[in-house]
Amino acid sequence: TSYGANNYIIMPNMNSDYSNVVVEFDSKMESTYSGRLYFGYITDINDASTFVSLETVPSTTSSAHYSYNLVGRTIADNARLAFKWSYSSSWYQVGIDNVVVREISSDAEIVDFNFPTRMAVPVINNAAARVTATASYQADLENLDETVIVSDGAEYVAGATSIEGNVKTFAYTVTAEDGTTTKNWTVAVTKAESASTANDIVAFSFVGQVGESAIDSVEHTVTAYAEWDFDLENNDITPTIEVSPMA
């Protein structure tokens, strides 16, 4: 092809109305000024003139990730999603990878609630929209420095907090990726009344290890295996060790 030619990548026919779809992909250009990448759809795979652009992908010579929400877009029936690469001054290239077409999520869950003095994995009740967790007896309930992780694509807004005795309560509203599904959550963190006596090794690993370590908290032993060609005499094993919370 000569200068000014257009190249197309056409996706399979998905038999979708695309009304609840997100398209994600990575792209990288050889040049930021010679060539332009468009994302859109084509109604006749045998007629390039039926390509309709929905987005102009930013030109960058570094790999970048893009996500385009097709909700509210007008896309013709039986159209196929497609890319168009147009270059005008030279034969510059573009790379497109990791293309994902998926439905927009309506999940509005809290999937984890963490803070430095957390004693165990929290109990998450999706049906009741409630999370319960335990903090160390040394924790400062006023400053837990909490981290909230919600469903992919969702966002949350923090509401009021309160402290009664040794329990701190949080309120969160989580909005799903679809922008309309919301869920009001309550998180209750209880401060332990005494210091934990747990003093176990809960995880043990090292570079060159094969499989998971076998940890016996009764006999207080850890058994781990190295790769067959690992030189135990001359290799300095520097393990990564995780112990009981607050130990």
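Here the structure is a predicted model, which means the values were calculated and not measured.

Regarding a nonpolar patch on the surface
- Taken together, the side chains of Ile201, Ile215, Val222, Ile241 and Val243 present a nonpolar region at the surface, about 350 Å² in accessible area.
- Along the polypeptide, Ile201 turns up in strand E15 (residues 201-205).

Focus: the pattern of salt bridges
- Counted according to the given criterion, the structure contains 5 salt bridges.
- Arg118 is the partner of Asp112 in a salt bridge, and the nearest nitrogen-oxygen pair spans 3.0 Å.
- By relative accessible area, which is 22% here, Asp112 ends up partly exposed.
- For Arg118, a relative accessible area of 17% corresponds to the buried category.

Overview of the packing of aromatic side chains
- Applying the stated criterion across every chain, the model contains 15 aromatic pairs.
- A centroid spacing of 5.8 Å and a plane angle of 20 degrees characterise the contact between Phe39 and Tyr68, whose relative ring orientation is stacked. On the criterion of sequence distance, the pair formed by Phe39 in strand E3 (residues 36-42) and Tyr68 in strand E5 (residues 64-69) is long-range, its members being 29 residues apart.
- The class of Tyr68 is buried, set by a relative accessible area of 9%.
- Pairing Phe39 with Phe83 gives two aromatic rings, centres 5.5 Å apart and planes at 50 degrees, and the pair type is tilted. Pair noted here: Phe39 is in strand E3 and Phe83 is in strand E6 (residues 80-86), with a separation of 44 residues, a long-range link.
- Classification of Phe83 as buried rests on a relative accessible area of 2%.
- Through successive ring pairs, a cluster of aromatic residues spans Phe25, Phe39, Tyr66, Tyr68 and Phe83.

Details of the pairing of strand E16 (residues 209-216)
- Pairing analysis gives 5 bridges linking E16 to strand E17 (residues 221-226), with the strands arranged antiparallel. What sits directly across from Gln209, in E17, is Ala226.
- Connecting E16 to the next strand, E17, in antiparallel fashion are 4 residues, including His220 with a positive phi near 60 degrees.

A closer look at the sheet that holds strand E9 (residues 123-125)
- Spatial ordering of the open sheet is given by E9-E10-E14-E13-E12, a layout of 5 strands whose pairing is mixed. For this open sheet the edge positions go to E9 and strand E12 (155-164), each flanked by a neighbour on one side alone. Within this sheet the neighbouring strands show an average axis-to-axis angle of 15 degrees, counted without direction.
- As paired elements, strand E13 (residues 167-175) and strand E14 (residues 182-191) share 9 bridges and run antiparallel to each other. By the bridge assignment, Tyr172 is partnered in E14 with Trp185.

Quick word on the sheet that holds E3
- One open sheet holds the 4 strands; their spatial order is E1-E6-E3-E4, and the pairing between them is antiparallel. A strand with exactly one partner marks an edge of an open sheet, and here the two such strands are strand E1 (6-10) and strand E4 (51-57). Each strand axis lies, on average, 30 degrees off the axis of its neighbour in the sheet, ignoring direction.
- In terms of strand pairing, E1 meets E6 through 5 bridges, oriented antiparallel. What sits directly across from Ile10, in E6, is Ala82.

What counts as what
- Residues numbered from 1 in each chain as written.
- Predicted model: local features only at pLDDT ≥ 70, side-chain atom pairs only at ≥ 80, totals over all residues.
- Heavy atoms only, no water.
- Patch = residues over 30% accessible without salt bridge, like charges linked within 9 Å, V, L, I, M, F, W, Y side chains within 5 Å.
- Areas by Shrake-Rupley, 256 points an atom, 1.4 Å probe, with all protein chains shown as cover.
- Salt bridge = Lys/Arg side-chain N within 4 Å of Asp/Glu carboxyl O.
- Helix = DSSP H or I, 4+ residues; strand = E, 2+ residues; numbered from the N terminus.
- Buried < 20%, exposed > 50% of the residue type's maximum accessible area, 1.4 Å probe, protein only.
- Phe/Tyr/Trp six-rings, centres within 6.5 Å; stacked < 30°, edge-to-face > 60°.
- Pairing = 2+ DSSP bridges.
- Axes fitted to C-alpha atoms, helices over the stretch in contact; angles between N-to-C directions.

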